[in-house]
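The chain contents come next:
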Amino acid sequence: MTPTPPDSGASARGQSRQRAPACRQLVIWATTLLLSLSACATTRHGNSAAGGPGSLPIPPGIARDNALLRAGFLDATLYHNRKGADRPVDPKGVQDSTRGLQDALDDAYEYGLTLYLPRGTYLVSDTLRRDQVWQHRGCAEQFASGNGPGAYGTPYAMRKAPAIVGQSGGTRPLIVLRDGSPGFDNATANGAKPIVYLRNAGEGDERETWTGDDSCGFGLVFRGVDIKTGRNRGAVALQIPAAQYSYIEDVRIDASGGYAGIRGLPGRTNSATNVEVAGGQFGIIVENGRGFNLVGIDLQGQTTAALSMRIGEMVAVTAFRFAPADGGVAVDIPRPRNGVFLQDGFIAMPKGTRQPVIRNAGEGGFVMRDVTVQTDGVIAAQDAAGQLRKASGQPQRIEEYAYSPDTTAMAMVVNGQRGKDRVRLSVADGKAERAAAPLTRRSWQTLLSFDEAGVVNVQTLGAKGDGRADDTAAIQRAIDRAPDAKVFLPRGDYRITKPLVLGLRTRLFGVPGYRSRIAADFESATPEYAIRTVADPAGTASTYLGDISILLLNNTENQTSIGGVLWQTGGTSLGRQVAAGSFWRADPKTRARQLLKISGSRAGGNWFGFIAGPSFIAVHPDYRGILIEDTAGPVNLYGPNAERSGGRFNLEINRASNVSVFGTKTETTNWPGKGDLWQTPFALVQKSSNVVLGGFTGTSIRTQGRTSPMDTFQIIDSSAVTAAVINWAEKQKSTAQGAMLIEERGGQRLAIPGSQNVILFRRD
């Protein structure tokens, strides 16, 4: 099909104004043509959906007016004996639904839909598996070809990303593995078999590994579905080795008859939120990739380890409860160079246990902060060091416990003093703490669903979602209908020509898996954003933004200051699974911009898995993937990913307080012929207080060498700052590599060299 030119649109707010020069139209037309051709290429056996982005493919024989389909979901129960009498999908849990569910999962993947599992029980006897298969090797080529999401999260490209969600509200759907299912009886690391298995297959030898190419596993989603392993001692409930844009949310696993709850996690972002695992040898096994962030994790009754970190440079866990069975440990670190950061949790060991809370045979570094521990044994033990701390058997709140296996390679610096000891321990005096408060205090109780009462579908108000029509007025009209408007964007591209403004209680959300995209098609001589909130000076807002990607259109002729999100609300405001980035890969002359700016006297709330970039066009030195400025918060960021830009920093915290950033990951690389352009330091903390940076990893790729030092973390004139478990997965390959962390304070400078990882830095 031939795309039509974009509409002229309305003028933008303030000084923003619509521009449509030839180059701008070329970008939009080329993007639409590329994606349309991609869609058409897969519709030779399918239909076109009415409404939404024109020519979006749908499976053959599915009614075009199906409400779920029009929203971007594929109802699994439509596949009951759809492709044969022996392929049922039975939500009553009587018939074996393996084949029918596999048919539905395959079609959802092929046609760019999120698989929707209605409430019920689904009996299976084999693995539900979907490999993500790219046409080109290398993530960067996936971006360019339109076969991978990149920063853009296009629904067309994301059609090659398997995503499964359950019906919300009430009891979640349940997948049950039949007792004694063939192939699920090998309870070993090499023999355990998953019930649900999503991965990027990779190429060549990668296809033969269970992880595939987990570094390019984008958009793999599992949310709102429970799993029971049944009596199958070698069963793993969930296996999703993946990368950014992928996540696990709102899942309960009964692994009491199986091997493990989860093996293999989405990494490089917020990996899992609100996950419970009961029983099994292991609760969660980290065995792929690098950089994992877990929030709201409840692991109980494991006989070997609640959390096992077999591979991976860093895992950060906040708001957790670990209660292993007799003989088990809370955390197992069997290999060196792994780092674990634990914040705000409760660990209850069996009475009379002889096991340590943390079994650290691999001599990894770890930090515990504000963790209540109840044990008759030791908190941690090392093969060489023996017992480090004898606990009392009564609950004790550990204010801070840091362990460095090697102070020459892993630094520990407190108030300017370099630690010579490998252990720092501070226990609250005589305070017996209760079990952790509800684990969702750092996340959410429930998430909105498109089919809930009162939710407004923007397409019913005239939004097209086709990437060409101007959908600004229709979306804003939905937002303005009520102070607590619940606004849903079905799968599609929503072109806007001025900022969308969210109120204090507005909730705007799309289809899980980044299938709903907002394309900002306007210019501004001063900083402006695709989405902004109103101010919230009282800090009482409950604004919500979720499952949305933001495309910032650009060209080489005009300069632009358009950013992604300006977040000025606080209170219980929530952002989750939001991505922002740019499409055009030219060498533009851009002004300063931020993909996420959190600013305002009480701005903040909780943010989960914000993806900032890669921003191939962000070459201005004042570009920031994330900027937190002039706020008293509180602000909590979980698993943000900001990388590959030309700014001076990817993350900046400036004149702010009460800020926590957990489980971050970045990448730097070279832009051929541009020297140090994308060799960007990660974080600047300046004139701020009460800041926690817990868990960081990243890769530094230097094919041409760096000409100037790159100091990864810079802390300037700030107080009450903690940075813990900070490491590069790949050492910086330059003689001018700079420091891992520097602090400048009162005219004094402290530097932790790039050759060292940071177990603990603290400035009171």
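Values in this document were obtained by computation on a predicted structure and should not be read as measured data.

Quick notes on the overall build of the chain
Each helix and strand counted, the chain has five helices and 56 strands in total. When burial is assessed residue by residue, the chain has 66% of its 764 residues classed as buried. Summarising the internal contacts of the chain: among those between residues at least 6 apart in sequence, 73% fall at separations of at least 24. Carbon and sulfur atoms make up 48% of the accessible area of the chain, which amounts to about 24800 Å² in all.

Section: the side chain of Arg-491
Locating Arg-491 in the fold gives a position in the loop between strand 33 (486-488) and strand 34 (492-496). Despite its burial, Arg-491 pairs with no opposite charge, the nearest such side chain being Asp-493 at 9.9 Å. At 2.7 Å, the side chain of Arg-491 forms a polar contact with the backbone oxygen of Gly-112.

A word on the environment of Gly-296
Structurally, Gly-296 can be placed in strand 18 (residues 292-300). Assessed through its relative accessible area of 4%, Gly-296 is described here as buried. In this structure the C-alpha to C-alpha distance between Gly-296 and Arg-441, which are 145 residues apart in sequence, comes to 8.1 Å. Not counting chain neighbours up to four residues away, the residues in contact with Gly-296 comprise Asn-274, Val-275, Thr-318, Ala-319 and Leu-439.

Focus: helix 5 (residues 472-479)
In terms of burial, helix 5 is a largely internal element, six of the eight residues being buried. Those residues of helix 5 that are buried are in contact with strand 31 (455-457), strand 32 (466-470), strand 33, strand 34 and strand 35 (500-502).

Some thoughts on the packing of aromatic side chains
Under the definition given, this model contains 21 aromatic pairs. Measuring from ring centre to ring centre gives 5.5 Å for Tyr-638 and Phe-662, while their planes differ by 20°; the resulting arrangement is stacked. Taken together, the residues Tyr-638 in strand 46 (residues 635-638) and Phe-662 in strand 49 (residues 657-668) connect sequence positions 24 residues apart. Overall, the relative accessible area of 1% leaves Phe-662 in the buried class. Three or more aromatic residues joined by ring pairs make a cluster, and in this case those are Phe-73, Tyr-116, Phe-450, Phe-488, Phe-509 and Tyr-544. For Arg-82, the ring lying beneath its charged end belongs to Tyr-79, and the centroid distance is 5.2 Å. Of note, Arg-263 hangs over the ring of Trp-210, and the distance from its end group to the ring centre comes to 4.1 Å.

So, the pairing of strand 18
Looking down a regular strand, the side chains alternate between one sheet face and the other. The element strand 18 is largely enclosed, with a buried count of eight among its nine residues. As paired elements, strand 16 (residues 269-278) and strand 18 share eight bridges and run parallel to each other. Bridge pairing links Thr-269 to Phe-292 in strand 18. As paired elements, strand 18 and strand 20 (residues 314-323) share eight bridges and run parallel to each other.

Considering the pattern of salt bridges
For the structure shown, the criterion picks out 34 salt bridges. The salt bridge involving Glu-276 is made with Arg-252; its shortest N-O contact spans 3.6 Å. One end of the pair, Glu-276, is in strand 16; the other, Arg-252, is in strand 14 (residues 247-254), with 24 residues separating them in the sequence. Here Arg-252 falls in the partly exposed class, since its relative accessible area comes to 35%.

Some remarks on helix 3 (residues 98-110)
Given a rise of 1.5 Å per residue, 13 residues ought to cover 18 Å, and the 18 Å separating the end C-alpha atoms of helix 3 matches this to within 8%. Of all 13 residues making up helix 3, ten are buried, and the element is well covered by its neighbours. Among the residues trailing helix 3, Gly-112 stands out with phi positive, at a value near 70°.

Side note on the confidence of the model for the chain
For the chain, the mean per-residue pLDDT works out to 82, and 77% of the residues sit at or above 70. Predicted confidence for residues 1-54 stays below pLDDT 50, and this span has 125 contacts to residues more than four positions away or in other chains. Below a pLDDT of 50 lies the segment residues 383-388, which in the model reaches eleven contacts outside its immediate sequence neighbourhood of four places, other chains included.

Quick notes on the nonpolar core
Of all hydrophobic cores here, the largest spans 74 residues; its most connected members are Phe-322, Ile-347 and Met-368. With residues up to four places along the chain from it excluded, the contact list for Phe-322 reads Ile-297, Leu-299, Ala-306, Leu-307, Val-317, Ala-330, Val-331, Phe-346, Ile-347 and Ala-348. If you look at the next biggest cluster of nonpolar residues, it comprises 69 residues, including Val-458, Tyr-494, Ala-520 and Tyr-623.

Quick word on the side chain of Ser-657
Here Ser-657 lies in strand 49. Leave out the neighbours within four places in its chain, and Ser-657 touches Thr-631, Ala-632, Gly-633, Ser-689 and Asn-690.

Section: the environment of Ala-361
On the secondary structure map, Ala-361 appears in the loop between strand 23 (358-359) and strand 24 (365-374). With 19 residues separating them in the primary sequence, Ala-361 and Ala-380 have C-alpha atoms 9.9 Å apart.

Quick look at the sheet that holds strand 52 (residues 713-716)
Taken together, the ten strands give an open sheet; going across it, the order is 35-38-40-42-45-48-50-52-54-55, and neighbouring strands pair in mixed fashion. A strand with exactly one partner marks an edge of an open sheet, and here the two such strands are strand 35 and strand 55 (748-753). Each strand of the sheet is rotated relative to its neighbour by a mean of 10°, with strand direction disregarded. Bridge count for strand 48 (residues 651-654) against strand 50 (residues 683-686) is four bridges, and the pairing is parallel. Paired with Leu-651 across the two strands is Ala-683, which belongs to strand 50.

Description of the environment of Ile-626
Looking at the secondary structure, you find Ile-626 in strand 45 (residues 624-629). The class of Ile-626 is buried, set by a relative accessible area of 1%. Contacts of Ile-626, omitting those with residues within four sequence positions, involve Leu-596, Phe-610, Ala-612, Leu-637, Pro-640, Asn-650, Leu-651 and Glu-652.

Conventions adopted
Residues numbered from 1 in each chain as written. Predicted model: local features only at pLDDT ≥ 70, side-chain atom pairs only at ≥ 80, totals over all residues. Heavy atoms only, no water. Helix = DSSP H or I, 4+ residues; strand = E, 2+ residues; numbered from the N terminus. Buried < 20%, exposed > 50% of the residue type's maximum accessible area, 1.4 Å probe, protein only. Contact = heavy atoms within 4.5 Å. Areas by Shrake-Rupley, 256 points an atom, 1.4 Å probe, with all protein chains shown as cover. Lys, Arg positive; Asp, Glu negative; His and termini not counted. Salt bridge = Lys/Arg side-chain N within 4 Å of Asp/Glu carboxyl O. Polar contact = N/O pair within 3.5 Å; in protein donor to acceptor, adjacent residues only side chain to side chain. Phe/Tyr/Trp six-rings, centres within 6.5 Å; stacked < 30°, edge-to-face > 60°. Lys NZ or Arg CZ within 6 Å of the ring centre and 35° of its normal. Pairing = 2+ DSSP bridges. Expected span 1.5 Å × (residues − 1). pLDDT = per-residue confidence, 0-100. Core = buried A, V, L, I, M, F, W, Y, C linked by side-chain atoms within 4.5 Å. Axes fitted to C-alpha atoms, helices over the stretch in contact; angles between N-to-C directions.

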